[in-house]
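If you want the building blocks of each chain, they are given just below.
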Amino acid sequence: MVGGGGVGGGGGLLENANPLIYQRSGERPVTAGEEDEQVPDSIDAREIFDLIRSINDPEHPLTLEELNVVEQVRVQVSDPESTVAVAFTPTIPHCSMATLIGLSIKVKLLRSLPQRFKMDVHITPGTHASEHAGKGGLVVRTTVLERVEQKQEREHKFT
Amino acid sequence: EGGWPELKSSRPTWALSTLFSLRSSLENPEPRTRARGIQLLSQVLLHCHTLLLEKEVVHLILFYENRLKDHHLVIPSVLQGLKALSLCVALPSGLAVSVLKAIFQEVHVQSLPQVDRHTVYNIITNFMRTREEELKSLGADFTFGFIQVMDGEKDPRNLLVAFRIVHDLISRDYSLGPFVEELFEVTSCYFPIDFTPPPNDPHGIQREDLILSLRTVLASTPRFAEFLLPLLIEKVDSEVLSAKLDSLQTLNACCAVYGQKELKDFLPSLWASIRREVFQTASERVEAEGLAALHSLTACLSRSVLRADAEDLLDSFLSNILQDCRHHLCEPDMKLVWPSAKLLQAAAGASARACDYITSNVLPLLLEQFHKHSQSSQRRTILEMLLGFLKLQQKWSYEDKDQRPLNGFKDQLCSLVFMALTDPSTQLQLVGIRTLTVLGAQPDLLSSEDLELAVGHLYRLSFLEEDSQSCRVAALEASGTLAALYPVAFSSHLVPKLAEELRVGESNLTKGDEPTQCSRHLCCLQALSAVSTHPSIVKETLPLLLQHLWQVNRGNMVAQSSDVIAVCQSLKQMAEKCQQDPESCWYFHQTAIPCLLALAVQASMPEKEPSVLKKVLLEDEVLAAMVSVIGTATTHLSPELAAQSVTHIVPLFLDGNVSFLPENSFPSRFQPFQDDASGQRRLIALLMAFVCSLPRNVEIPQLNQLMRELLELSCCHSCPFSSTAAAKCFAGLLNKHPAGQQLDEFLQLAVDKVEAGLGSGPCRSQAFTLLLWVTKALVLRYHPLSSCLTARLMDLLNDPELGPAAADGFSLLMSDCTDVLTRAGHAEVRIMFRQRFFTDNVPALVQGFHAAPQDVKPNYLKGLSHVLNRLPKPVLLPELPTLLSLLLEALSCPDCVVQLSTLSCLQPLLLEAPQVMSLHVDNLVTKFLNLSSSPSMAVRIAALQCMHALTRLPTPVLLPYKPQVIRALAKPLDDKKRLVRKEAVSARGEW
């Protein structure tokens, strides 16, 4: 049984149980130009942002957009040069999920962008305690595998 | 001895002689033989139990009870016999108890096979149905006996029966004695239900059946409360999602029978668990169930009748909730603000008392917080919460005006809403508008000063610029809602302002167009129609709009068709708002229709120097806009009033009788059906709008003449607009005409006309249009001739000239029109006409396709895809296997329209019938991928949506294609159109 006060017993599982939340931007309105067969639409920052904003945070039923982890202004894209750079901001400076978030963004972009694009996903400078460790973590697979194993263990315990 | 009855009579009854004739086998030392003997006897009894006499029953029961002591191999057959006897009407009283006692004593039920356990439950059920009083005389022994019978049961079929029995024990008030907890234990041990039906289960028992059945038992009595509530709390606190859901739902069900007494000790724990689930859950369903449970708990606490000296738990419960939630409400940026508000609202929605308590505590807090925070986004969150609490007020009505909890906050609320309405943030304005509407809906809350201010704000918001359209639309809607409640405020403060605005607009139109003025003018027109929700307001706004049309007509302004269309759209919206009120409806009809007709007639007069506007009034789009006004203003008329109107309008068109029109001094006669008057002829569309919207039983004068004139005009080739209007009008009247000789005559005339026109010459396309509309009119009402006409239409698919038009005609046949042949316009539209058309005609279409020469095959495919496209998917699914090959062929057809409609037909089928589609996966993947590089954007999008839908097919079917598809879908990721890329991303992500 959970005692009174604070955010309840399960709170121990979460690093940040009551985070600041931000408003979702709506669906991008369809413009006349987009419906015109002839006009080419270039890939812009909003399009990239739309790809990643609905990714769910690993520990909340909230999206990266609602937690302000990703913002449209932190997306740099150049369609002619085929480059994308996304900077993301972990909710709290010592967030242990930073690696996982970065990986989620990267995978989503890899799946959703033309192959010609070079992509760079990094933590917004000065927002994370282990910025460089986080950046290095993006390529280390074991981190993710361990996480999956832990999750499975948890599931086993309760079924 | 051994239960054998003594044979007193020399002539035993049939049942007893059967028994004695089996004696040798029944007394056989070999248990198997005995079992077979009893089985035979039991089978006989099962068939003939209705024929048994009381005396026989007594003997048989004694015999069978005795057999219960026999070898275990014999027991199943004995139980069968007892089941037969339990159905006997002739069973004397006392024997039911004796049978049950014997079973409880002699049989260890749970060591029997499933079928035999089921038989025992059946015997008990039978007795409970017919011998309730007798069983109750057993007292708690019966309950205890049953507990022992069902203890350990695991079969879902048996459990459903057993749960039913327990529920009956409780609800029919059998004595439970000291065995309440045992009865609870023997059922609650299944909670939460953990059961997965085996594959191909013939019994079809689902997990959900067991859950509901068990829930009915557990939630059936407050006597279980002390045992059940701790169990529920434990399961809510577990990590298993389904257990949480089931527990919360069960708690919800319990609240219907519990009172304060049962809940008292568990309230703090229940609240802690619910709060945690709502605060922290990742599942919206758990959140929703948590809120529902809190709602029921609060309702339950509010409902209980208390003794004068007892403590009211509701207050302390609510104060707990408030204490845990209120500080989160002060952090409008944080995640827990909404869960807290939802919890409070769930509790407040439970009863008037709870609502008072929470509102009176939360409102001051939120009002204060609104002023404390200065950012628009924070204020918006606070106002949205406030709105939620205000809405709850509407659930309760207060007899005494002074008791209403909102009264004390009225002024603060109003000033806060007006602040929101003037905030630069559109989002905040929107919430402000919604809050204003809710405040307005509270009876007698707003003062006339408040209303005047509110109206002023709404007026300003109704003219907002392009980029805050959502706000403007919301303001218009709010004006409509509030105007219906406060007509005086709106007609004294808003209508005059709009009238002034309209006059300014008119003078600006004269000067020439400026885009901002133009959009302001449009806003004004929309505001006028939006506010016309009360009869008294319509009486002011309708003349304004009509006056405006006359002004435009007077000629000194450069009117464009878009201006007139905008006025017509406003008129139409106004007509829609008038439909529900018969008085307004008649007022609108009587005022607007003569005026519109007069304007149109005036414009159609031949003139030496035709003015610009007059041509404008005769344009296709303008006439179409007037058609929709006239139609809307006519459909809801009562038959008597409609009959009154029809005696003016039909003679206007047939005889040129203009006497009922305002300002009716026209330079020449109005003769729309005469050959030389091509401008006047176009007004047939207005006649169509009126006569085709009349209720079915309104008699139309001079019908015969009218129909002949229409038919004549429909095949006249000088003006396609008027000939089509005439054909539609003819079809609309045909559809409503009662069956009989006159209808047959009209039909014969039409068929002759069509055939003459289709033969050759300049009128082929007009004759085709007539055929199409007449066919539609008949298809809709299931007229027998419709099949002939459809067949004729199918012939035309082969026609080199009319083939493509005929193919598109199928789309018209299957779709809903907006102006004629509508249900709203009282046309006879049978509900299943599409299905019927499909069954009647698709085989012929398919056959025609196979027989047709190559160059017209696309016509058939197009026709077919139009039919399939409009068909409800459940009807289509069973037909799929036969049509699929044709559809796949249609995918290769070069025509974009066919491709598109085929894709949109296949997409839902992929979602709903993945098994059938699996067989064609190879073909589908190839064709979809090919189409994803089609030159048409719409086809590319549809093809990618189908690729997405393909992922619904079973995984083993898809796996071989996965690498190929993912590679192929990389290409549309780089499509030049963003909308295509979006579909490609979602399809590829899914693969």
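- You'll find chain B entered in an unreviewed UniProt entry as MMS19 nucleotide excision repair protein, with Colobus angolensis palliatus given as the organism.
- The Sequence similarities (unreviewed entry) comment attached to chain B in UniProt states, word for word, "Belongs to the MET18/MMS19 family."

1. Let's talk about the overall build of chain B
Here is step 1 of the chain: Within chain B, the secondary structure is distributed over 52 helices and zero strands.
Here is step 2 of the chain: Its C-alpha atoms give chain B a radius of gyration of 39 Å, clearly above 30 Å, the size a compact globule of 991 residues would have.
Here is step 3 of the chain: C-alpha atoms of chain B, sized along the principal axes, occupy 125 × 80 × 65 Å.
Here is step 4 of the chain: Here chain B holds 991 residues, and 58% of them are scored as buried.
Here is step 5 of the chain: Across chain B, the fraction of contacts at a sequence separation of at least 24, relative to all contacts at a separation of at least 6, is 73%.
Here is step 6 of the chain: Carbon together with sulfur atoms contributes 53% to the accessible area of chain B, which is approximately 41,500 Å² in total.
Here is step 7 of the chain: Here chain B carries 89 positive and 105 negative side-chain charges, and the mean point of each set is 3 Å from the other.

2. Some words on the interface of chain A and chain B
Here is step 1 of the chain: Each partner contributes residues to the interface: chain A has 44 residues there, and chain B has 34 residues.
Here is step 2 of the chain: Surface buried jointly by chain A and chain B totals about 3,300 Å² across both partners, of which 51% is contributed by carbon and sulfur atoms.
Here is step 3 of the chain: The interface formed by chain A and chain B includes five salt bridges.
Here is step 4 of the chain: Two residues, aspartate 41 of chain A and lysine 977 of chain B, come together in a salt bridge whose shortest N-O distance is 3.2 Å.
Here is step 5 of the chain: Counting the contacts that link chain A with chain B gives 14 residue pairs in polar contact (both at pLDDT 80 or more).
Here is step 6 of the chain: Counting residues per element, the ones that place at least two in the side of chain A that touches chain B are helix H1 (32-35), helix H2 (45-53) and helix H3 (98-112) of chain A.

3. Some thoughts on a negative patch on the surface
All names here are of chain B.
Here is step 1 of the chain: Side chains of Glu181, Glu182, Glu185 and Glu226 sit close together on the surface and give a patch of like negative charge.
Here is step 2 of the chain: Ranked by residues supplied to the negative patch, first place goes to helix H11 (residues 180-188) with three residues.
Here is step 3 of the chain: Among the secondary structure elements, glutamate 185 is positioned in helix H11.

4. Let's talk about the UniProt feature "domain: MMS19 N-terminal" (unreviewed entry) in chain B
Here is step 1 of the chain: Within the UniProt annotation, "domain: MMS19 N-terminal" (unreviewed entry) is assigned to residues 21-280 of chain B.
Here is step 2 of the chain: Helix makes up 67% of residues 21-280 of chain B and strand 0%, with an end-to-end C-alpha separation of 74 Å.

5. Comments concerning the domain arrangement of chain B
Here is step 1 of the chain: What the domain assignment lists for chain B is domain 1 (579-701), domain 2 (707-871) and domain 3 (892-990).
Here is step 2 of the chain: Using C-alpha coordinates to define each centre, domain 1 of chain B is positioned 50 Å away from domain 3 of chain B.

6. Side note on the confidence of the model for chain B
Here is step 1 of the chain: Residues at a pLDDT of 70 or more form 95% of chain B, whose mean pLDDT is 87.
Here is step 2 of the chain: Here the prediction assigns the complex a pTM of 0.76, and the interface score ipTM is 0.71.

7. Quick word on the packing of helix H18 (residues 313-329) of chain B against helix H19 (residues 337-348) of chain B
Residues and elements named next belong to chain B.
Here is step 1 of the chain: It is at 8 Å that the axes of H18 and H19 come closest, and there the two elements cross at 150 degrees. Here H18 lies roughly antiparallel to H19, going by the angle between them. The crossing of H18 and H19 is left-handed. Between H18 and H19, the contacting residues are Leu318, Ile321, Leu322, Cys325, His328 and Leu329 on the first element and Val337, Ser340, Ala341, Leu343, Leu344 and Ala347 on the second.
Here is step 2 of the chain: Looking at side-chain class alone, the contact of H18 with H19 contains 10 nonpolar, two polar and no charged residues.

8. Section: the sheet that holds strand S1 (residues 75-78) of chain A
Residues and elements named next belong to chain A.
Here is step 1 of the chain: An order of S1-S2-S3 is seen for the three strands of this open sheet, with the pairing classed as mixed. Either end of the sheet is taken by a strand with one partner, and the two such strands are S1 and strand S3 (118-123). Strand after strand, the sheet turns through a mean of 5 degrees between neighbouring axes, direction not considered.
Here is step 2 of the chain: Where S1 and strand S2 (residues 83-88) come together, four bridges link them in antiparallel fashion. Bridge pairing in S2 links serine 78 to threonine 83.

9. Notes on the nonpolar core
Here is a general trend for soluble globular proteins: nonpolar side chains tend to be buried in one another's company.
Here is step 1 of the chain: Counting 393 residues, the largest nonpolar core has Ile105 of chain A together with Phe490 and Phe653 of chain B as its most contacted members.
Here is step 2 of the chain: Ranked by residues supplied to this core, first place goes to helix H31 (residues 582-604) of chain B with 14 residues.

10. Observations concerning unusual backbone geometry
Here is step 1 of the chain: A cis amide bond, omega -10 degrees, links phenylalanine 191 of chain B with the succeeding residue proline 192 of chain B.
Here is step 2 of the chain: With respect to the helices and strands, the residue proline 192 of chain B is situated in the loop between H11 and helix H12 (207-218).

11. Points about the side chain of serine 932 of chain B
Residue and element names in this part refer to chain B.
Here is step 1 of the chain: If you trace the backbone, serine 932 turns up in the loop between helix H48 (921-931) and helix H49 (937-950).
Here is step 2 of the chain: Within the structure, the side chain of serine 932 is placed 2.6 Å from the backbone oxygen of leucine 929, a separation counted as a polar contact.
Here is step 3 of the chain: If we ignore the near neighbours within four places in the chain, the residues touching serine 932 are Arg940, Ala943 and Leu944.

12. A short note on the side chain of serine 693 of chain B
Here is step 1 of the chain: By the element assignment, serine 693 of chain B lies in the loop between helix H36 (684-691) and helix H37 (703-714).
Here is step 2 of the chain: Apart from the residues within four sequence positions on either side, serine 693 of chain B is in contact with Gly631, Thr634, Thr635, Lys736, Gly825 and His826 of chain B.

13. Here we look at helix H38 (residues 720-736) of chain B
Here is step 1 of the chain: Between the first and last C-alpha of H38 of chain B there are 25 Å, a value that for 17 residues agrees with the 24 Å anticipated at 1.5 Å per step.
Here is step 2 of the chain: With 14 of 17 residues buried, H38 of chain B lies mostly within the body of the structure.

14. Regarding the packing of aromatic side chains
Residues and elements named next belong to chain B.
Here is step 1 of the chain: Per the counting criterion, the structure on display carries 11 aromatic pairs over all chains.
Here is step 2 of the chain: Ring centres 6.3 Å apart and planes at 70 degrees place the aromatic pair tyrosine 121 and phenylalanine 146 in the edge-to-face group. Taken together, the residues span a long stretch of sequence, with tyrosine 121 in helix H7 (residues 114-130) and phenylalanine 146 in helix H9 (residues 140-150) at a distance of 25 residues. As far as the burial class goes, tyrosine 121 and phenylalanine 146 line up, both buried.
Here is step 3 of the chain: Ring geometry for phenylalanine 163 against tyrosine 190: centres 5.7 Å apart, planes inclined by 75 degrees, an arrangement best described as edge-to-face. Placement of the pair is phenylalanine 163 in helix H10 (residues 156-171) and tyrosine 190 in the loop between H11 and H12, with a sequence separation of 27 residues.
Here is step 4 of the chain: Joined through ring pairs, the aromatic side chains of Phe104, Phe142 and Tyr174 make up one cluster.
Here is step 5 of the chain: The ring of tyrosine 587 carries lysine 539 above its face, with NZ or CZ at 5.2 Å from the centroid.
Here is step 6 of the chain: Seen from the ring of tyrosine 782, arginine 836 lies directly overhead, with NZ or CZ sitting 4.1 Å from the centre.

15. Re the pattern of salt bridges
Residue and element names in this part refer to chain A.
Here is step 1 of the chain: One pass over the structure, following the stated rule, counts 47 salt bridges over all chains.
Here is step 2 of the chain: Aspartate 79 is paired through a salt bridge with arginine 116; the nearest N and O atoms lie 2.9 Å apart. Taken together, the residues span a long stretch of sequence, with aspartate 79 in the loop between S1 and S2 and arginine 116 in the loop between H3 and S3 at a distance of 37 residues.
Here is step 3 of the chain: Overall, arginine 116 belongs to the partly exposed group, its relative accessible area being 35%.

16. Description of the environment of alanine 102 of chain B
All names here are of chain B.
Here is step 1 of the chain: Considering the arrangement of structural elements, one finds alanine 102 in helix H6 (residues 95-106).
Here is step 2 of the chain: In this structure alanine 102 comes out as buried when scored by relative accessible area, which is 11%.
Here is step 3 of the chain: The contacts of alanine 102, once residues within four sequence positions are left out, are Glu65, Leu68 and Val107.

17. Thoughts on the pairing of S2 of chain A
Successive side chains on a regular strand alternate, one facing one side of the sheet and the next facing the other.
Residues and elements named next belong to chain A.
Here is step 1 of the chain: Of all six residues that make up S2, five are buried, and the element is covered over most of its length.
Here is step 2 of the chain: In terms of strand pairing, S2 meets S3 through six bridges, oriented parallel. Each bridged residue has a counterpart across the sheet, and for valine 84 the counterpart in S3 is methionine 119.
Here is step 3 of the chain: Regarding topology, H3 serves as the crossover connection from S2 to the parallel S3, and that connection is right-handed.

18. Details of the packing of H18 of chain B against helix H20 (residues 352-372) of chain B
All names here are of chain B.
Here is step 1 of the chain: Their axes nearest at 11 Å, the elements H18 and H20 cross at an angle of 25 degrees. Considering the angle they form, H18 stands roughly parallel to H20. H18 and H20 meet at a crossing whose hand is right-handed. Residues Leu314, Asp315, Leu318, Ser319, Leu322, Arg326 and Leu329 of H18 pack against Arg353, Ala354, Tyr357, Ile358, Asn361, Val362, Leu365 and Leu366 of H20.
Here is step 2 of the chain: Considering only residue class, the contact of H18 with H20 consists of 10 nonpolar, two polar and three charged.

Here is what the cut-offs are and how they apply
- Residues numbered from 1 in each chain as written.
- Chains lettered and ligands numbered in written order.
- Predicted model: local features only at pLDDT ≥ 70, side-chain atom pairs only at ≥ 80, totals over all residues.
- Heavy atoms only, no water.
- UniProt positions renumbered as here; feature names shortened; annotations may be inferred.
- Helix = DSSP H or I, 4+ residues; strand = E, 2+ residues; numbered from the N terminus.
- Rg over C-alpha atoms; globule rule 2.2 N^0.38 Å.
- Buried < 20%, exposed > 50% of the residue type's maximum accessible area, 1.4 Å probe, protein only.
- Contact = heavy atoms within 4.5 Å.
- Areas by Shrake-Rupley, 256 points an atom, 1.4 Å probe, with all protein chains shown as cover.
- Lys, Arg positive; Asp, Glu negative; His and termini not counted.
- Charge placed at Lys NZ, Arg CZ, Asp CG, Glu CD.
- Buried area = accessible area lost by both parts, 1.4 Å probe.
- Salt bridge = Lys/Arg side-chain N within 4 Å of Asp/Glu carboxyl O.
- Polar contact = N/O pair within 3.5 Å; in protein donor to acceptor, adjacent residues only side chain to side chain.
- Patch = residues over 30% accessible without salt bridge, like charges linked within 9 Å, V, L, I, M, F, W, Y side chains within 5 Å.
- Domains from an automatic or database assignment.
- pLDDT = per-residue confidence, 0-100.
- Axes fitted to C-alpha atoms, helices over the stretch in contact; angles between N-to-C directions.
- Parallel < 35°, antiparallel > 145°, perpendicular 65-115°, else oblique.
- Left-handed = near helix turned anticlockwise from the far one by under 90°.
- Nonpolar A, V, L, I, M, F, W, Y, C, P; charged D, E, K, R; others polar.
- Pairing = 2+ DSSP bridges.
- Core = buried A, V, L, I, M, F, W, Y, C linked by side-chain atoms within 4.5 Å.
- Expected span 1.5 Å × (residues − 1).
- Phe/Tyr/Trp six-rings, centres within 6.5 Å; stacked < 30°, edge-to-face > 60°.
- Lys NZ or Arg CZ within 6 Å of the ring centre and 35° of its normal.
- Right-handed = clockwise from strand over helix to strand, strands pointing away.

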